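Take a look at the letters that make up each chain.
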Amino acid sequence: DIAFADPAPPNRDEHIDTARNQYHEALKLDPKNQGALLGMARLYAKSGDQERAKEAYRKYLTLYPKDAEVCHELAMAHGRWKDWAGAATWCEAALRLDPENRTIRKTMGFCLARAGRWDEGFAMLCQVMPEAQARHNIAGLLDHLGQTEACRQQLQLAAQADPNYAPAREFLAELDRPATTDQPGSPVPATAPN
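Just so we're clear, the structure is a prediction, and the values are computed from it rather than from any experiment.

**Thoughts on the overall build of the protein**
No. 1: When helices and strands are tallied, the protein shows ten helices and zero strands.
No. 2: In sequence order, the secondary structure elements of the protein are arranged as α-α-α-α-α-α-α-α-α-α.
No. 3: Taking all 194 residues of the protein together, 37% fall into the buried category.
No. 4: Put simply, 38% of the contacts in the protein that link residues at least 6 apart link residues at least 24 apart.
No. 5: Surface exposure of the protein reaches about 12,200 Å², of which carbon and sulfur atoms provide 51%.

Structure follows, in structure tokens:
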């Protein structure tokens, strides 16, 4: 039997260029083509071209202003770009269109918190989850930002809100555990696999 190697995978830039050209062609035929407009926006977002992505999403939303899911998608893109205020703004736009959407509310809670609007973020999270879980999530963000004491406070408040909420208790125990090293004779680190 002769084994054939798979051909080299197509170049990522070639894929992007091909897709972009196809979207442009579709838009020449129909400048309001919903799929091509959205595809172009997603292509720019995925390739990291923030300015073109923002412009493409705005063009789409100018023509299709009642698309809450695309507003949420744009909020998520702003989050990937670490533009938390922009992400929160697009979540607000999405919620004006779909006020009961729990996924958008959750995203908005995280975006508000990451934008430094902790109380508003917490309040939004409490609309879609129990207080203990919301505090646990805020604690995770604070931990990620290196704010250990604020994280610990949120975990303590989570444990007070629901003493049976195990994730908060476990996270708090992990924070309170003394640091260990990997030297011979030292205790096994708390994060070691079993």
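**Some remarks on the side chain of R135**
No. 1: Along the chain, the position of R135 falls in helix α8 (residues 131-144).
No. 2: Of the residues examined, R135 reaches a relative accessible area of 13% and is grouped as buried.
No. 3: Once residues lying within four places of it in the same chain are set aside, the contact partners of R135 are F122, Q154, L157 and A158.

**Re the side chain of R105**
No. 1: In this structure, R105 sits in helix α6 (residues 102-114).
No. 2: Of the side chains bearing the opposite charge, E100 lies closest to the buried R105, which forms no salt bridge; the N-O distance is 7.9 Å.
No. 3: Beyond its immediate sequence surroundings of up to four residues, R105 is in contact with L95, P99, M124, Q127 and V128.

**What about the environment of R117?**
No. 1: Within the secondary structure, R117 is located in the loop between α6 and α7 (118-126).
No. 2: C-alpha separation for the pair R117 and A85, spaced 32 residues apart in sequence, amounts to 9.3 Å.

**What to know about the packing of α8 against helix α10 (residues 166-176)**
No. 1: Put simply, α8 and α10 touch, their axes get as near as 10 Å, and they point 30 degrees apart. Considered as vectors, α8 and α10 are oriented roughly parallel to each other. Crossing hand, α8 versus α10: left-handed. Here α8 contributes H136, A139, G140 and D143 to the contact with α10, which in turn contributes P167, A168, F171 and L175.
No. 2: Of the residues belonging to the contact of α8 with α10, the class tally is five nonpolar, two polar and one charged.

**What to know about helix α2 (residues 34-47)**
No. 1: In a regular helix each residue adds 1.5 Å, so 14 residues correspond to 20 Å; α2 covers 20 Å between its end C-alpha atoms and thus fits that length.
No. 2: On the buried face of α2, the contacting elements are α1 (12-29), α3 (50-63) and α4 (68-80).
No. 3: Two or three places before G35, at the start of α2, stands the capping residue N33, its side-chain oxygen 3.0 Å from that residue's backbone nitrogen.
No. 4: Immediately beyond the C-terminal end of α2, within one or two residues, lies G48, with a positive phi of roughly 90 degrees.

**A short note on the nonpolar core**
No. 1: Core analysis: the largest hydrophobic core is formed by 35 residues, its most contacted members being Y57, L61 and W90.
No. 2: Residue assignment for this core shows that the elements contributing at least two residues are α1, α2, α3, α4, α5 (84-97) and α6.
No. 3: Apart from the residues within four sequence positions on either side, Y57 is in contact with L38, A41, R42, A45, V70, E73 and L74.
No. 4: The next biggest cluster of nonpolar side chains, apart from the first, holds 19 residues, and it includes I138, L155, A168 and L175.

**Examining the packing of aromatic side chains**
No. 1: All chains considered together, the criterion is met by one aromatic pair.
No. 2: On the numbers, 5.1 Å between centres and 40 degrees between planes, the contact of Y60 with Y64 is tilted.

**Here we look at the packing of α4 against α5**
No. 1: With their axes 8 Å apart at the nearest point, α4 and α5 run at an angle of 170 degrees to one another. Taken together, the axis directions place α4 and α5 in an arrangement best described as roughly antiparallel. Across the interface between the two elements, A68, C71, H72, L74, A75, H78 and G79 from α4 touch W84, G86, A87, W90, C91, A93, A94 and L97 from α5.
No. 2: Of the residues in the contact of α4 with α5, the class split is eleven nonpolar, four polar and no charged.

**Section: the layout of surface pockets**
No. 1: Computed from the structure, the largest pocket encloses a volume of approximately 200 Å³.
No. 2: Sorting the residues of the lining of the largest pocket by element identifies α1, α2 and α3 as the ones contributing at least two each.
No. 3: Top contributing element to the lining of the largest pocket by residue count: α3, with four residues.
No. 4: Of the residues that constitute the lining of the largest pocket, the class distribution is six nonpolar, one polar and three charged.

Conventions we followed
- Residues numbered from 1 in each chain as written.
- Predicted model: local features only at pLDDT ≥ 70, side-chain atom pairs only at ≥ 80, totals over all residues.
- Heavy atoms only, no water.
- Helix = DSSP H or I, 4+ residues; strand = E, 2+ residues; numbered from the N terminus.
- Buried < 20%, exposed > 50% of the residue type's maximum accessible area, 1.4 Å probe, protein only.
- Contact = heavy atoms within 4.5 Å.
- Areas by Shrake-Rupley, 256 points an atom, 1.4 Å probe, with all protein chains shown as cover.
- Lys, Arg positive; Asp, Glu negative; His and termini not counted.
- Salt bridge = Lys/Arg side-chain N within 4 Å of Asp/Glu carboxyl O.
- Axes fitted to C-alpha atoms, helices over the stretch in contact; angles between N-to-C directions.
- Parallel < 35°, antiparallel > 145°, perpendicular 65-115°, else oblique.
- Left-handed = near helix turned anticlockwise from the far one by under 90°.
- Nonpolar A, V, L, I, M, F, W, Y, C, P; charged D, E, K, R; others polar.
- Expected span 1.5 Å × (residues − 1).
- Polar contact = N/O pair within 3.5 Å; in protein donor to acceptor, adjacent residues only side chain to side chain.
- Core = buried A, V, L, I, M, F, W, Y, C linked by side-chain atoms within 4.5 Å.
- Phe/Tyr/Trp six-rings, centres within 6.5 Å; stacked < 30°, edge-to-face > 60°.
- 1 Å grid on protein atoms, 1.4 Å probe; cavity = no way out; pocket = protein on both sides within 12 Å on 5 of 7 lines; lining within 4 Å.
- Points joined across faces, edges and corners; volume = space filled by probe spheres on them.

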